[in-house]
Amino acid sequence: MAKTRDIHHMPTLAALMTPFPYHIDIDAPIEAAVALMEEHGVHHLPVTREGDLETIISQGDIDRAQSPGHRLEEQQLYVRDLCARRPYIADIHDPLDRILLAMANTGIGSVLVMKEGELAGIVTVTDALRFCGEYLADLTRSPDDDVA
């Protein structure tokens, strides 16, 4: 039976985040970030420094730096050279509408989700689109669809 969503209750980030995301140290070489992203099929990695959350790096950041003619293309690159300076950070209990609108209005591709000061998860545009698609499908599903 399909789960029914309560359309009168605003979901929080907890409803769609990827919990306990893979992460990488800020001093790791870019090749390590690429390998970790490929191994786990992700496009964003939270970045830590000595175990503490620092920022985030995306596949787009890496692609831009490795493009022909980029000023960094001939030197060894490290995560610290390419990661975002000010990531978007939100609380796990923040209302989903506010975060999705902020993502859309600012063009950010990911949000780091915190719980009691610790990294709890990540929300990407892909996560948001998947959640919205499933939400809309649930809203339009006929009650007869669940009868076997």
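Residues numbered from 1 in each chain as written. Predicted model: local features only at pLDDT ≥ 70, side-chain atom pairs only at ≥ 80, totals over all residues. Heavy atoms only, no water.

Caption draft 1: Expanded view of the overall build of the chain. Helix and strand counts for the chain come out as 5 helices and 7 strands. Counted from the first residue to the last, the chain has its helices and strands arranged as β-β-α-β-β-α-α-β-α-β-β-α. Within the chain, buried positions represent 36% of all 148 residues. Taking all contacts inside the chain whose residues are at least 6 apart in sequence as the whole, residues at least 24 apart take part in 57%. Of the accessible surface of the chain, which amounts to about 9300 Å², a share of 52% is contributed by carbon and sulfur atoms. (Helix = DSSP H or I, 4+ residues; strand = E, 2+ residues; numbered from the N terminus. Buried < 20%, exposed > 50% of the residue type's maximum accessible area, 1.4 Å probe, protein only. Contact = heavy atoms within 4.5 Å. Areas by Shrake-Rupley, 256 points an atom, 1.4 Å probe, with all protein chains shown as cover.)

Caption draft 2: A look at the pattern of salt bridges. The tally for this structure, following the rule as stated, stands at 6 salt bridges. In this structure, Arg80 engages Asp27 in a salt bridge whose closest nitrogen and oxygen atoms are separated by 2.8 Å. You can see Arg80 sitting in helix α3 (residues 79-82) and its partner Asp27 sitting in the loop between β2 (24-25) and α1 (30-40), a full 53 residues away along the chain. Look at Asp27 and you get partly exposed, because its relative accessible area is 43%. In this structure, the salt-bridge partner of Arg49 is Glu54, at a minimum N-O distance of 3.3 Å. Residue Arg49 is classed as partly exposed on the basis of its relative accessible area, which comes to 39%. (Salt bridge = Lys/Arg side-chain N within 4 Å of Asp/Glu carboxyl O.)

Caption draft 3: A look at the sheet that holds strand β7 (residues 118-124). On the basis of which strands lie adjacent, the open sheet formed by 4 strands has the order β1-β7-β6-β5 and mixed pairing. The sheet is open, and its two borders are formed by β1 (18-19) and β5 (89-91), each paired with just one other strand. Relative to β7, strand β6 (residues 110-115) runs antiparallel, the two being bridged by 6 bridges. Among the inter-strand pairings, Met114 is bridged to a residue of β7, identified as Leu119. Contacting β5, β6 and β7, helix α4 (residues 96-106) crosses the sheet at an angle of about 150° to β6. Along the sheet, helix α5 (residues 125-140) contacts β1 and β7; its crossing angle with β7, the most-contacted strand, is approximately 65°. (Pairing = 2+ DSSP bridges. Axes fitted to C-alpha atoms, helices over the stretch in contact; angles between N-to-C directions.)

Caption draft 4: The arrangement of the confidence of the model for the chain in detail. Scored by pLDDT, the chain has a mean of 86; 87% of the residues are at 70 or more. Within the chain, helix α2 (residues 59-65) has the poorest average pLDDT of any element, 88, and β2 the best, 96. (pLDDT = per-residue confidence, 0-100.)

Caption draft 5: Region of the structure containing a negative patch on the surface. Taken together, the side chains of Asp25, Glu50, Asp52 and Glu118 make up a negatively charged region of the molecular surface. Structurally, the position occupied by Asp25 is in strand β2. (Patch = residues over 30% accessible without salt bridge, like charges linked within 9 Å, V, L, I, M, F, W, Y side chains within 5 Å. Lys, Arg positive; Asp, Glu negative; His and termini not counted. Charge placed at Lys NZ, Arg CZ, Asp CG, Glu CD.)

Caption draft 6: Representation of α5 in the model. Helix length check: α5, at 16 residues, gives a terminal C-alpha distance of 23 Å against a target of 22 Å (1.5 Å per residue), a fit within 8%. Buried residues of α5: Asp127, Ala128, Phe131, Tyr135 and Asp138, and no others. Taken around the axis of α5, the buried residues stretch over an arc of 95°, which confines them to a single face. Exposed side chains of α5 directed beyond 90 degrees from the buried face belong to Leu129, Leu136 and Thr140. If you follow the buried residues of α5, they end up packed against β1, α4 and β7. (Expected span 1.5 Å × (residues − 1). Arc of directions from axis to C-beta.)

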